[in-house]
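# Structural characterization, general
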Amino acid sequence: MFESLTAKFASAFTSIRSKGRLKNSDIAEIASEIKSALLDSDVNIDVANTFVENISRDINSQLDDLNKGTNPSQAVFKVVNDELIKILGGQARRIRFAKNPPTVILLTGLQGAGKTSLAGKLAKWLKDQGNTPLLIASDLQRPNAVTQLQVVGESVKVPVFAPESGNGVGNPVKVAKAGIDFAKSKLHNVVIVDTAGRLGVDEELMKQARDIKDAINPDEVLYVVDAMVGQDALKTATAFDVGVGIDGVVLTKLDGDARGGAALSIASVLGKPIFFAVTNEKNLVGVSTADVHRFDRGRLGLGLELGCLIGPRLAAVRRTVQHSVFRQHKHCFGVRPLNIIQRGVD
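Every value quoted in this text rests on a predicted model; they were computed, and no experiment measured them.

Another point: the side chain of Asp139. Mapped onto the elements of the fold, Asp139 is located in the loop between β2 (133–138) and α7 (145–155). The exposure class of Asp139 is buried, given its relative accessible area of 4%. Engagement of the side chain of Asp139 in a polar contact is seen with the backbone nitrogen of Gln141, the distance being 3.2 Å. Separated by 3.2 Å, the side chain of Asp139 and the backbone nitrogen of Arg142 make a polar contact.

This is the structure in structure tokens:
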């Protein structure tokens, strides 16, 4: 994934790496290539313009000082990398746990975004960290949604609260409230509420999500978005933020033809953290501030440049450390190390 963006970013940095001194025209050329790469990856045009304007201003303002160094291309890389971190990592944080359990996480989003599958993955991720999650089936509209959540819950060995059969029967607000009471009585410290979606944004969908939110007062409202919808991801995320109010975003289906520009667009425009990214519908990767430093380089084609610019020894040390961390915490990352998951390399 991100092949176009990776190739274009790599090409931009390759073109200046052999130059001893950089000119304004070189910076303009790099900026143009980076903008094209961002737009090709479905980054919102306003976000792409702002990104390029920021890096061009920062680089040109210190161009004389950069050219005094032995490797000005390294300094250019740092400016671009810092801007990416500012967007993706500036507001990144972990899930807020309630002082008085249970911590309530409400999943919202359009139909087909992967909310139910995510509910199971998130439950397993939390369970592996020593929590006692409970899944609540408040999607009573989509055919077999309750059954699907029950199957998902059974597969990850997490209980599911499902007093209604769904398929258009039952009150999702009452189910959500009853589920919270059940969680308290059974001492579950985290609750994940799966809700109904629609094929498009409409007032009925927003009202139901608002009613559930008002009834259970969740600690986190996560908007689940299919990364393959491209430019529309920002539009729908904005609608949910205005209509319901969201605390963060989960990107699903970050594989195949998904270009991932939604991550930059949503984080930049809404200022909402990307909590999780689901790749190949099999891995759930938590994005904290520390992870974002790997997230941007691996996904946006800068990881290989870092090794070239700073030196192979540092790259080797970094790989050793990452694999060491993976061996100690592999239950959190799936079957492969985080950096390999993100780059799609076996």
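Further remarks concern the pattern of salt bridges. Under the defined criterion, the tally for this structure stands at eleven salt bridges. In this structure, Asp128 engages Lys124 in a salt bridge whose closest nitrogen and oxygen atoms are separated by 2.8 Å. Note that Asp128 and Lys124 are positioned in helix α6 (residues 115–128) at a spacing of four residues, about one turn of the helix. Accessibility expressed as a relative area gives 39% for Lys124, which makes it partly exposed. Lys207 is the salt-bridge partner of Asp211, the closest N and O atoms lying 2.9 Å from each other. Taken as a pair, Asp211 and Lys207 lie in helix α9 (residues 203–216) at a separation of four residues, close to a single helical turn. Beyond isolated ion pairs, a larger network of salt bridges with shared partners links Arg96, Glu220 and Asp247.

In this section: the pairing of strand β4 (residues 190–195). Within β4, six of the six residues are buried, which leaves it mostly tucked inside the rest of the structure. Burial of β4 is two-sided: the residues Val190, Ile192 and Asp194 facing one way and the residues Val191, Val193 and Thr195 facing the other way are all buried. Bridge analysis of strand β1 (residues 103–108) against β4 gives five bridges, and the strand direction is parallel. In the strand pairing of β4, Val104 is matched with Val191. Note: β2 against β4, six bridges, orientation parallel. Directly across from Ser138, in β4, lies its bridge partner Thr195.

Reading the values: the criteria
Residues numbered from 1 in each chain as written. Predicted model: local features only at pLDDT ≥ 70, side-chain atom pairs only at ≥ 80, totals over all residues. Heavy atoms only, no water. Helix = DSSP H or I, 4+ residues; strand = E, 2+ residues; numbered from the N terminus. Buried < 20%, exposed > 50% of the residue type's maximum accessible area, 1.4 Å probe, protein only. Polar contact = N/O pair within 3.5 Å; in protein donor to acceptor, adjacent residues only side chain to side chain. Salt bridge = Lys/Arg side-chain N within 4 Å of Asp/Glu carboxyl O. Pairing = 2+ DSSP bridges.

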